[in-house]
Structure formats: C-alpha cells, structure tokens
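Results of the structural survey
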Amino acid sequence: MPTGKARTKSTPTTRTASTESAAPKLPSWNGSLLKSKAWKALGTRAKVAKASDLRTLFAKDKKRGATFTAEALGIRLDYSKNVFDSATLKLLFTLAKERKVTAKRDAMFRGEKINMMEDRAVLHVALRAPKGSVIKVDGVDVVPAVHEVLGRMEGFAKKIRARKWLGFTGKPIKNIVNIGIGGSDLGPVMAFEALKSFSDRGLTMRFVSNVDGNDFFEATQDLNAEETLFVVSSKTFTTLETMTNARTAREWSLKTLKDPKSVARHFVAVSTNAEKVAEFGIDTANMFGFWDWVGGRYSMDSAIGLSTMIAVGPKHFAELLAGFHEMDEHFRTTPAEHNLPMLLALVGIWNRNFRQHATVAVLPYCHYLHRFSAYLQQLEMESNGKQTQLDGSPVAWDTCPAIWGEPGTNGQHAFYQMIHQGTSPVPCDFILFEKPVHDLGAHQDMLASNVLAQTEALAFGKTRGEVLAEGVPAWLAPHKTFPGNRPTNLLLCTALSPRMLGKLIALYEHKVFVQGAIWNVNSFDQWGVELGKVLANRIIPEVSSSAAPKLAHDSSTNAAIGHYRKARGRAN
Ligand code: G6Q
C-alpha cells in the first residue's frame, strides 16, 4: 500500500506575506495523486511484491539484468536489483504520464514560472544552454546574459590562473577562499574535490561556510593575505553566515593590507544583489551576477561556480557545462523507458511510496566524489522534503526520503552492517567508474570487485542453509545469515571527467524534478531554510547583549539562553 496518512492541514502558501495577495493560478498537472489509477494499481502490485524476492525474480527471468538496464551518455544504469517486475515498471510509466511529468518538464524548459510560490521560472538548464539557443523569461532571451557572465568569469579565471591578478601589494593571487553556505558552498566544494586532478595545483583553494569561527580560522590560518582572494558567494548577499564570514575576512585581510582600497583587489562577489554587494564595499565591477530563476541548490554551474572555474580552468568548466547540457537534452527528448533520470526517479518512487523505504544511500566508489552524497542531500531533501501540495493542501503520501552516504569502500567498514542486516532496508545507488583517474596497480579492480560483491550480496543475501553448509554451527548461523532482497541501483560510468560530473549532477537534478512532479510539491522553494534564517536573527541579541534580556520563549529555550549567557559571563 502507498505509505502516508492524511497529515494535519497546513496553512496554504501564498507568494507574498500579504494574506490578500491572489493565489497563483494552478497548472493542469496539479491534482491529487490518490485519484491516479496507476497509483492505486501500484498499491496492489506492492502487495504482490511483498511476497516476491530478488532470488526468485532473477531465477525466473534469466534476462532480468539486461531487461532492467539502460545506457546513455556513458552511464549504464542497472536497476534490476530492485524488488519489482515489468508489470510494476509499466505502471510506474503510466503514473508518470498521469502526473503529466513531461508537460511539466517542457514548461520548465520553456521558462514558465513553475516555482509558483516565489513567482519564478526554474531555469538552471539555461545556465548550460549553448550559445545561440533561445530560452525566454518574460519574453526576454536569457541565454546571451548567461554567456556574457561566463565570458567575464573566463577572463577573470584566466588572469588568476596566469598569476596576472595581482594583490594590493603587487604579489600574484594564489589562494582562493570561497565564502558561501548551502547552495553557494556545497556545489563548489563538491566540484572542486571531484575535479581536483584537473585543477591547478599551484593554487590553494579553500571553502568557508560555517558561521562557527573555527571554520574561518582553519581556512585562513596558514595563508598570506597579500596573496589571498575572497570570493563572497551569496545569491541574496544577506545570509547571516556568509555575511559574518565576509566581514571577518575583510578584517583579516585589512590587518595585513591596512588600506581599505585593497578590498577591490582581494574581494569579488557572486550574487544577484548588486545593491548589497556595493553596500558591503565590493566594487560591482568585481561582481559576477546570476538571476532569481536559479535556485541556490541548482546554482553550481552559474557564477557560483567561479571558484570551480578558477581551479580547473575555463575549458574544463565548459566541459562540465557541456555534460550538464547533454543530460538535459537526454532528459528532454528520450522516451521514459530509456530516460535515465526518469528511471531513477520512478524506481525511487516505488521504493519510497510502495516499499516504504525512508532513506536512500548514495555510495560513490570513487574517492574524488567524497562530497557527492552531501551535495545530493541538499539537492534532494531541500527540493522535495515538503508536505504541502501546489494548491496548499497537505500531501497524503510520503515525499523525499533521507539521502546520505559516504564513498566506498570506506562505508563498508562502517555503516554497511546496517544495510546488510538492519531492520530497515536502505535502497542504495552505487556509483563506479570503468576507468580510474589514476591507475595504480590493482586498486581499481579491487574497488570494482567490492561494488559488484556488495550489490550481489545485498540482493541475494545468504540463507541459513548456505551458512550451515559452510560448517557454521547452528547457534551461530542466524547471526551469519543475510536476508538479501535489499534494493540497489548500479551506475557504471566510463570515467570521471568534468563532462561526466556534469552529466551525473544533471541526472540527479532531473530525478528530483520527476519525483517532485509526481508528489505534486514545489521542488524549487525552501521555506524551511528561510525559517532558520529568521529564527537565528531573533535570538542573536538575546544571547549577545550585555544587559539581561527579557526572554519570552518556552522554559527550555529560556533556560538554555540563560545558561549560555552565564557561561559567557553575561548578565541574566
Ligand atoms: C538553496 C537554498 C540555500 C541557499 C543558502 C545560501 O537552494 O536556498 O541552501 O543556497 O541559504 O543562500 P545565499 O546564496 O543567498 O547566501
């Protein structure tokens, strides 16, 4: 049965704070999922699936592996080790049709304002559209502006890479510190780590995100301010953490450079908010812009990718964008049966809503992708971790599962125990590359063997009979028995390159899109993040004022504030 009961009714969301503003006109794809015939039929299939297991499914169909494998753009997606059959898959395709996923997809590519709650288009696909393509927002083609910014980023990155961007004292800049958080940090860090082998090793790249001063301290403690450039990345240029770190950076820089005029050589901004950038004291000539139709978590290929471009160079950055675009085109034009994002999304829906799996682990067997799961965590959970449908009514089904993961084989020696024998199965996406970036001895073959062994063991487990046959005593056998039937996808990709990274990220972006369309949530707003921004600002004066504040929180929060103030030597 589909999971989820009708939840408490939440207040309908409107586009502005005013209760009088008109609700947006809902598109034709809005509508209750519970009325979908395919959804109901999938509920019935779920009962059948309860009694089936991967051992039987594979034994019955010798071609299962090939049947449930799709390949495109150098990515081979084997989704055969999920507990379902062809009839289920067919219903999932029907579900996507009933939910008008392709109509919604086309509306996004056309630049329609599908982020209705913020009255914005959703056009990260325009960030990687080749020169000459036309994508309009409010009648204006946005592609030339995208390429204008890319051109400026290129000019700047080249200067830094040629050591021709000189600091205030005439020394070439060779340390780059990106200051940003959330969508203005996770993408740049992940991409830098993923593409390190393509980067200029003479540059020191650092990333500061946390408002915890230890982050800033560690990122800068060994740097010479004369050779250090700060890239302040913030869509809004108002985010507490980023602005606090940016101010600390200015103080840190001026401690050595003394003259406020030095800011122009040591600070650049990436933002949509020119006014705030100027207010901070950064020359807007040193600002790289983007647009409100780029969501934070979809922005790593906008100017937010400036640090990435500096690290790997404009050519590799262009390759990254080309990879994104290839996957966009694949998603836009390929029938569902061969469409990688669609397949990944539909299998995910099956596991989430009909098999009740509450989490998904993403396990890249490539150490360069060690920040990939953290990146996807934001992409998926901030996009689809929602409980309100487009029309403001509560969903009556589960939405985004928790996304987590670490690179293999490290995870095998840590949390895989629970994936193999825990009480809650965790669907896993295993990612492996055919060719390693550095081919050292037998390393890659060992890595590959581990992935394949894991997916096999998770699918088929080990029965009591098999364990006993190994000579294990009966009392120990239950502990050494593995239930199997644990769902996995295997993404076998040619090689990690900027282009492949772009394809992989876009694959997950579009997976998120399809799932959001099916769940009927807005994947492009983030009121939970906004709430955090407001709440912290309210408490800051209460913890930091020298005079005792009048506290009007609950007894637990009041006491914690009092305790903290006392510990910091402040009056209560
Ligand atoms: C992303 C979110 C959020 C955002 C950060 C930083 O989709 O909106 O993670 O990226 O809160 O915001 P700024 O870029 O505005 O500083």
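Further up the page is the structure itself.
Computed from a predicted model, the values in this text were never measured in an experiment. (Residues numbered from 1 in each chain as written. Predicted model: local features only at pLDDT ≥ 70, side-chain atom pairs only at ≥ 80, totals over all residues. Heavy atoms only, no water.)

This paragraph deals with the overall build of the chain. Broken down by element type, the chain carries 22 helices and 13 strands. Taken over the C-alpha trace, the chain has a radius of gyration of 25 Å; the compact-globule value for 572 residues is 25 Å, and the two agree within 12%. Seen through its principal axes, the chain has C-alpha atoms that stretch 75 × 65 × 60 Å. Considering only residue pairs separated by 6 or more positions, the chain has 73% of its internal contacts joining residues 24 or more positions apart. For the chain, the accessible surface area stands at approximately 24,700 Å², while carbon and sulfur atoms represent 55% of it. (Helix = DSSP H or I, 4+ residues; strand = E, 2+ residues; numbered from the N terminus. Rg over C-alpha atoms; globule rule 2.2 N^0.38 Å. Contact = heavy atoms within 4.5 Å. Areas by Shrake-Rupley, 256 points an atom, 1.4 Å probe, with all protein chains shown as cover.)

Our next topic: helix α9 (residues 240-257). Because each turn of an α-helix spans 3.6 residues, side chains separated by three or four positions in sequence point in the same direction. The terminal C-alpha atoms of α9 lie 25 Å apart, and with 18 residues this matches the ideal 26 Å at 1.5 Å per residue to within 8%. All buried positions along α9 are accounted for by T242, M243, N245, A246, A249, W252, S253 and L257. A positive phi of about 65° marks K258, the residue just after α9. (Expected span 1.5 Å × (residues − 1). Buried < 20%, exposed > 50% of the residue type's maximum accessible area, 1.4 Å probe, protein only.)

What follows covers the layout of surface pockets. For the largest pocket, the calculated volume is near 790 Å³. Of all the elements in the fold, those that place two or more residues in the lining of the largest pocket are α9, α15 (372-384) and α21 (527-544). Looking at the lining of the largest pocket element by element, the count peaks at six residues for α21. Residue classes in the lining of the largest pocket are distributed as ten nonpolar, 19 polar and nine charged. Considering only enclosed or pocket space, the second largest pocket measures out at about 480 Å³ in volume. Along the walls of the second largest pocket sit 18 residues, with H367, H438, H443, Q444 and L447 positioned nearest its centre. A per-class count over the lining of the second largest pocket returns nine nonpolar, eight polar and one charged. (1 Å grid on protein atoms, 1.4 Å probe; cavity = no way out; pocket = protein on both sides within 12 Å on 5 of 7 lines; lining within 4 Å. Points joined across faces, edges and corners; volume = space filled by probe spheres on them. Nonpolar A, V, L, I, M, F, W, Y, C, P; charged D, E, K, R; others polar.)

Ordered in space as β1-β2-β13-β12-β10-β11, the six strands form an open sheet in which the pairing is mixed. Of all the strands in the sheet, just β1 (69-72) and β11 (402-404) have a single pairing partner and so form its edges. Geometrically, the sheet is characterised by an average inter-axis angle of 15° between neighbouring strands, direction not taken into account. Here strand β12 (residues 428-435) runs beside strand β13 (residues 488-495); their pairing, made up of seven bridges, is parallel. Across the sheet, F433 pairs through a bridge with C493, a residue of β13. Relative to β13, helix α20 (residues 498-519) is tilted by about 155°, and along the sheet it contacts β2 (75-78), β10 (359-365), β12 and β13. (Pairing = 2+ DSSP bridges. Axes fitted to C-alpha atoms, helices over the stretch in contact; angles between N-to-C directions.)

Judged from the four bridges that link them, β1 and β2 form a sheet pairing that is antiparallel. Residue pairing for β2: E71 is matched across the bridge by R76. In this structure, the hairpin formed by β1 and β2 is closed by a connection of two residues, where L73 is found at a positive phi of approximately 55°.

Quick look at the nonpolar core now. The biggest cluster of nonpolar side chains holds 128 residues, and the ones touching the most others in it are W293, F372, L501 and Y508. Look past the residues within four positions of F372 in its chain and what remains in contact with it is M190, V362, P364, I431, L504, I505 and Y508. Residues V177, F230, V232 and M243 belong to the second largest nonpolar core, which totals 21 residues. (Core = buried A, V, L, I, M, F, W, Y, C linked by side-chain atoms within 4.5 Å.)

Another point: unusual backbone geometry. G408 connects to T409 through a cis peptide bond whose omega is 10°. Mapping T409 onto the fold places it in the loop between β11 and α16 (416-421). A positive phi angle, near 65°, is found at K258, a position not held by glycine. Relative to the helices and strands, K258 resides in the loop between α9 and α10 (263-266). Using a relative accessible area of 61% as the deciding quantity, one classes K258 as exposed.

This part is about the side chain of S373. Among the secondary structure elements, S373 is positioned in helix α15. Under the relative-accessibility criterion, S373 is labelled buried at 3%. When near neighbours in sequence (up to four residues on either side) are disregarded, S373 contacts V362, P364, W404, G405 and E406.

What follows deals with the packing of α15 against α20. The interhelical angle for the contact between α15 and α20, taken along N-to-C directions, is 25°, at an axis separation of 10 Å. If you check the angle between α15 and α20, you find them roughly parallel. In the packing of α15 onto α20, the handedness of the crossing is right-handed. Where α15 abuts α20, its residues F372, Y375, L376, L379, E380, S383 and N384 lie against L504, I505, Y508, E509, K511, V512, Q515, G516 and W519. (Parallel < 35°, antiparallel > 145°, perpendicular 65-115°, else oblique. Left-handed = near helix turned anticlockwise from the far one by under 90°.)

This part covers the sheet that holds strand β7 (residues 228-233). Strands sit in the order β6-β5-β7-β8-β9 across an open sheet of five strands; the sheet is parallel. Either end of the sheet is taken by a strand with one partner, and the two such strands are β6 (204-208) and β9 (287-289). Adjacent strand axes in the sheet meet at a mean angle of 20°, parallel and antiparallel pairs treated alike. Here β7 runs beside strand β8 (residues 267-271); their pairing, made up of four bridges, is parallel. Bridged to S233 within β8 is V270. Against the sheet, α9 contacts β5 (175-179), β6, β7 and β8, and its axis sits at roughly 160° relative to β7.

What follows concerns the environment of I540. By the secondary structure assignment, I540 is in helix α21. A C-alpha to C-alpha distance of 30 Å links I540 and T388, two positions 152 residues apart in sequence.

We now examine the site of the ligand. Contacts to the ligand come from 15 residues, most closely from S184, S234, T236, T239 and Q378. The separation between an oxygen atom of the ligand and a polar side-chain atom of S184 is 2.6 Å. A distance of 3.5 Å separates an oxygen atom of the ligand from a polar atom in the backbone of G296. Burial of the ligand by the surrounding chains reaches 93%, relative to a free accessible area of 400 Å². Assessed atom by atom at 2 Å from the grid points, the ligand resides in the largest pocket. Going through the elements one at a time, α15 and α21 are the ones with two or more residues in the shell around the ligand. (Near = heavy atom within 4 Å. Polar contact = N/O pair within 3.5 Å; in protein donor to acceptor, adjacent residues only side chain to side chain. Sits in = over half its atoms within 2 Å of the grid points.)

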